[in-house]
Amino acid sequence: MAFQIGARWDDGLGRTYMELSNPMQATQLYEHQKAFWVTRNQGGDGKISAEMEAEIIADQLSEYSGPGFETTKPILDRAVQLTQDRGQTGLSIVEIGAANGGTVRHFEKFNPEVDLGFYGMEALPLLAEDGAKKYPQHRFQAGTAEDFVELTTEDLGRERFDMFLASGVLCMLLPELAFMVLRKASEISDMIVCRDYLANKGGEISRKRPVMFELVPGHTHYLFANPYELMLRSLGFSRIEYIFEESADPRIRGTASFLALRSR
Ligand SMILES: C[S@@+](CC[C@H](N)C(=O)[O-])C[C@H]1O[C@@H](n2cnc3c(N)ncnc32)[C@H](O)[C@@H]1O
């Protein structure tokens, strides 16, 4: 696809962020990539082979720490601290792009004292099913961002959660949809924790149009750098703490983990 590009911004290390000026192209790109995440490109009968299934499951994150996630563990620690300071022993989390339960493994490993209540949504049904099998005490549901924004209190099993979590997921979404996800998150939680690409967090490259970039040059997969800070502030989240990734590794360059809080 020959993209129609508006503003461009170079990060000086070889990555170019591009404003997509044709909304139809943006939608096509999003839908095409979503199909990948929902099916992992299994055409024909749509079935993923047993070998591929095993490979996808084996590939999952063990927890939110380690290479590429150096910023995420301290942000999650901070979130736990904040809830413990309120005298809570439990923590309820709703997550999108939850895969097969990296968050559950994270809390089992690093915060076993926390009484975790977990609802995870994952685009690839195979992973949501695997999470449900591995962690029957928690809830896993197959679904995309569009499905998440439609969830009812009945679906979620509770009205409010202590935390909404999205790691490496909002960058898969067009800005309008990322905003709808954050708005839904703001209806059910006062704490939002994300790991994402933040080059356009304040709308520095574009406030209105999607800004896309290739994860590594030559990749055919594009990600979106959405104006999260503008979105969160408009939803009443006035306290936002960031931990920026220091590494120049091309895949994680430009990422940060952040925690956004709204006081009532
Ligand atoms: C790079 S993985 C991140 C997984 C995990 N949260 C992590 O941090 O390692 C991207 C995740 O985004 C999810 N995803 C991709 N497109 C999506 C969409 N349109 N709606 C909801 N989730 C989507 C995928 O299912 C996958 O779990």
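Residues numbered from 1 in each chain as written. Predicted model: local features only at pLDDT ≥ 70, side-chain atom pairs only at ≥ 80, totals over all residues.

Surrounding the ligand, one finds 17 residues, the nearest of these being Trp-37, Gly-97, Ala-123, Thr-144 and Ser-167. Among the residues forming the shell around the ligand, the class breakdown is ten nonpolar, five polar and two charged. (Near = placed C-beta within 6 Å. Nonpolar A, V, L, I, M, F, W, Y, C, P; charged D, E, K, R; others polar.)

A few words on the sheet that holds strand β11 (residues 255-261). Taken together, seven strands build an open sheet; the order of strands is β5-β4-β3-β6-β7-β11-β10 and the sheet is mixed. Strand pairing shows two members of the sheet lacking a second neighbour, β5 (139-142) and β10 (239-244), which therefore form its edges. Taken pair by pair, the neighbouring strands of this sheet meet at an average axis angle of 15°, ignoring direction. Across four bridges, the pairing between strand β3 (residues 90-96) and strand β6 (residues 163-167) is parallel. Residue pairing across strands places Ile-93 opposite Met-163, the latter belonging to β6. Of the strands in this sheet, β3, β6, β7 (191-197), β10 and β11 touch helix α3 (residues 72-85), which is tilted by about 15° from β11. (Pairing = 2+ DSSP bridges. Helix = DSSP H or I, 4+ residues; strand = E, 2+ residues; numbered from the N terminus. Axes fitted to C-alpha atoms, helices over the stretch in contact; angles between N-to-C directions. Contact = placed C-beta atoms within 7 Å.)

With that settled, the discussion passes to unusual backbone geometry. Among all residues save glycine, negative phi is the norm, and among peptide bonds the norm is trans. Its identity is not glycine, yet Ala-99 carries a phi of approximately 50°, on the positive side. Along the chain, Ala-99 falls in the loop between β3 and α4 (102-110).

Glancing now at the nonpolar core. Ranked by size, the top nonpolar core spans 67 residues in total, and within it Met-163, Leu-170, Leu-173, Val-181, Ile-192 and Val-193 carry the most contacts. Here this core gets six residues from one element, more than from any other, and that element is helix α8 (residues 175-188). Discounting chain neighbours no more than four positions away, the residues touching Val-193 are Ile-75, Leu-76, Ala-79, Met-163, Leu-165 and Leu-259. (Core = buried A, V, L, I, M, F, W, Y, C linked by C-beta atoms within 7 Å. Buried ≥ 20, exposed ≤ 12 C-beta atoms within 10 Å, placed from the backbone.)

Worth remembering: the numbers are spatial, not functional.
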